[in-house]
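Structural characterization, general
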Amino acid sequence: MLKIGLTGGIGSGKSEVSRRLAARGAVVIDADKIAREVVEPGTPGLARVVAAFGEEVLRPDGSLDRDKLGSIVFHDPDRLAALNAIVHPLVGERVAELQGQAAEDAIVVYDVPLLAENKLAPMYDVVIVVDAADEVRVARLAEHRGMPESDARARIAAQAGRDERLAIAHVVIPNEGTLDELETRVAEVWDDLLRRAARG
């Protein structure tokens, strides 16, 4: 089993790369997706979040208001740490479960937004960083998510800087161009991963 850590700052296009690797046969374990699942209504995770942050982080339907929670934690490192202390162990348990279900010869891609921040690089055989300039990412977040520029810059500032991410990369996928250019680079990277997996 070849373990790949895939990361990139918000707006870098990491999810697009993740989708394209999955289409080629990678087993993708998406930490963000799992982080949403462990705080769905009725879960112990959501109960713990409400106990820590109050009922105001819930929508009227009882689901988590992620924007509201985000606005609380992204400007307060202590509150962010409190949230992570609730969510990360739950995510870890689910990741271990999914990893156990993958074939022995699988190429498993762990889609981990905060890989650099949490010093997780040593856990993986290969670290892939999807890279784009901050200005490109701010523009994408405005265009695709309707995020105000100030929010986009705050989110980018809360994550590792580009240099920090690039320092842990075995493979870099630049993503400032077209989707066709991205597809070409992903195809090259996939061929490289297949070679690495074959070498064992």
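This text gives an overview of the structure that appears in the document.

1. Section: the packing of helix 3 (residues 44-53) against helix 5 (residues 77-101)
Two elements in contact, helix 3 and helix 5, have axes separated by 10 Å at closest approach and are oriented at 165°. When the interaxial angle is binned, helix 3 and helix 5 end up roughly antiparallel. Seen along the crossing, helix 3 lies across helix 5 with a hand that is right-handed. Along its contact with helix 3, which presents Gly45, Arg48, Val49, Ala52 and Phe53, the element helix 5 presents Arg79, Ala82, Leu83, Ile86 and Leu90.

2. Considerations on the nonpolar core
In this structure, Val49, Leu69 and Val87 are the most contacted members of the largest nonpolar core, which totals 29 residues. The set of elements that each furnish at least two residues to this core consists of helix 2 (31-37), helix 3, helix 4 (66-73), helix 5, strand 3 (107-111) and strand 4 (126-131). Residues contacting Val49, with those up to four places away along its chain left out, are Val39, Gly54, Val57, Leu64, Leu69, Leu83 and Ile86. Of all hydrophobic cores here, the second largest spans 18 residues; its members include Leu2, Ile4, Val17 and Ala26.

3. A word on the side chain of Ser12
Looking at the element boundaries, Ser12 is found in the loop between strand 1 (2-7) and helix 1 (14-23). From its side chain, Ser12 meets the backbone oxygen of Gly9 in a polar contact 2.8 Å long.

Definitions and cut-offs
Residues numbered from 1 in each chain as written. Predicted model: local features only at pLDDT ≥ 70, side-chain atom pairs only at ≥ 80, totals over all residues. Heavy atoms only, no water. Axes fitted to C-alpha atoms, helices over the stretch in contact; angles between N-to-C directions. Helix = DSSP H or I, 4+ residues; strand = E, 2+ residues; numbered from the N terminus. Parallel < 35°, antiparallel > 145°, perpendicular 65-115°, else oblique. Left-handed = near helix turned anticlockwise from the far one by under 90°. Contact = heavy atoms within 4.5 Å. Core = buried A, V, L, I, M, F, W, Y, C linked by side-chain atoms within 4.5 Å. Buried < 20%, exposed > 50% of the residue type's maximum accessible area, 1.4 Å probe, protein only. Polar contact = N/O pair within 3.5 Å; in protein donor to acceptor, adjacent residues only side chain to side chain.

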